[in-house]
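Chain by chain, the residues run as shown.
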Amino acid sequence: MTERPSGRGSYHHGALPEALVGVAFELLDEVGQEQVTMREVARRAGVSAGAPFRHFADRRALLTAVADRVLADFEAWQRAEVAAATGAREQGAGGGSGDRRAVLRALGLGFVRYAVRHPHRFALVRSRVFAPAPQPELRERLSGIDRAYTEVIVADQAAGLLRPGDPELVGFAGQALVYGLAQMILDGYLPAEKAEEVAAQVLDTFGRGIANPR
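Let me begin by describing the structure that accompanies this report. Everything numeric here is computed off the predicted structure, so don't read it as measured data.

Within the secondary structure, Leu 186 is located in helix H8 (residues 167-186). The exposure class assigned to Leu 186 is partly exposed, which follows from its relative accessible area of 31%. Contacts of Leu 186, omitting those with residues within four sequence positions, involve Ala 115, Val 116, Pro 119 and Phe 122.

The structure is reproduced here in structure tokens:
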């Protein structure tokens, strides 16, 4: 996270855009995107009200940059989830079907965990990504996440852990499932205190449906 400067004029040349995004990221977590304004970001950053407009055309552009920061954070989160699951699977080599599906399951649980722990971030990404016209500025980041997800599915299909089939379709089905789960939890339809337990049960049910029986 970008450290907040001590006062106006504390930024090195070129550092202000990153600092503004960092401040907006913190503000997003505190109050949600509706209250992330250019004026408040400038005030918290210790710069003039007009300073953000030298780097971001408007509030939409700033929030898009924040959404990109959220996606980068989410990507790192998911990499950590996969690394943990991969290690568990290697240690449990020769174990049951739960071990074999650990990585794909970890991706699903990671999605739900992230959304539940960071609801304002999830809402921002939902408005910028899961929309009729996703922001083109986020396309490269999204493509990288989708490729990584598809690579996991292809690898497990090649290893005989998942049934043959279009990996992109399998990935889309998985994303639809965890997106719906996360939204139902955040909407209060599913109890938040049982979110992870319910998500694990649903993902296990989904996994049994696509796993290659042995």
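The terminal C-alpha atoms of helix H7 (residues 139-158) lie 28 Å apart, and with 20 residues this matches the ideal 28 Å at 1.5 Å per residue to within 8%. Inspection of H7 places Leu 142, Gly 144, Ile 145, Tyr 149, Val 152, Ile 153, Asp 156 and Gln 157 among the buried residues, and these make up the whole buried set. Directly after H7, the chain includes Gly 160, whose backbone phi takes a positive value near 80°.

A few words on the packing of helix H1 (residues 16-31) against helix H6 (residues 119-128). One can describe the packing of H1 onto H6 by two numbers: an axis separation of 7 Å at closest approach and a directional angle of 110°. Judged on the interaxial angle alone, H6 and H1 are roughly perpendicular. Of H6, the residues touching H1 (which contributes Phe 25, Leu 28, Asp 29, Glu 30 and Val 31) are His 120, Arg 121 and Leu 124. Residues that form the contact of H1 with H6 fall into these classes: 4 nonpolar, 1 polar and 3 charged.

Evaluation of the coordinates by the stated rule reveals 6 aromatic pairs. Taking 5.4 Å as the distance between ring centres and 75° as the angle between the ring planes, the aromatic pair formed by Trp 77 and Tyr 114 counts as edge-to-face. A residue pair is termed long-range when its members are at least 10 positions apart, and Trp 77 in helix H3 (residues 59-91) and Tyr 114 in helix H5 (residues 102-117) qualify at 37 residues. Note on Trp 77: relative accessible area 19%, which makes it buried. A centroid spacing of 6.0 Å and a plane angle of 85° characterise the contact between Phe 111 and Phe 122, whose relative ring orientation is edge-to-face. Highlighted residues: Phe 111 in helix H5 and Phe 122 in helix H6, separated in sequence by 11 residues. With respect to class, Phe 111 is no different from Phe 122; both count as buried. An aromatic cluster of three or more residues is present, and its members are Phe 74, Trp 77, Phe 111, Tyr 114, Phe 122, Phe 130 and Tyr 179. One cation-aromatic arrangement involves Arg 69 over Phe 25; the distance from NZ or CZ to the ring centre is 5.9 Å.

What counts, and where the lines are drawn
- Residues numbered from 1 in each chain as written.
- Predicted model: local features only at pLDDT ≥ 70, side-chain atom pairs only at ≥ 80, totals over all residues.
- Heavy atoms only, no water.
- Helix = DSSP H or I, 4+ residues; strand = E, 2+ residues; numbered from the N terminus.
- Buried < 20%, exposed > 50% of the residue type's maximum accessible area, 1.4 Å probe, protein only.
- Contact = heavy atoms within 4.5 Å.
- Expected span 1.5 Å × (residues − 1).
- Axes fitted to C-alpha atoms, helices over the stretch in contact; angles between N-to-C directions.
- Parallel < 35°, antiparallel > 145°, perpendicular 65-115°, else oblique.
- Nonpolar A, V, L, I, M, F, W, Y, C, P; charged D, E, K, R; others polar.
- Phe/Tyr/Trp six-rings, centres within 6.5 Å; stacked < 30°, edge-to-face > 60°.
- Lys NZ or Arg CZ within 6 Å of the ring centre and 35° of its normal.

This is a description of form; function is not addressed.
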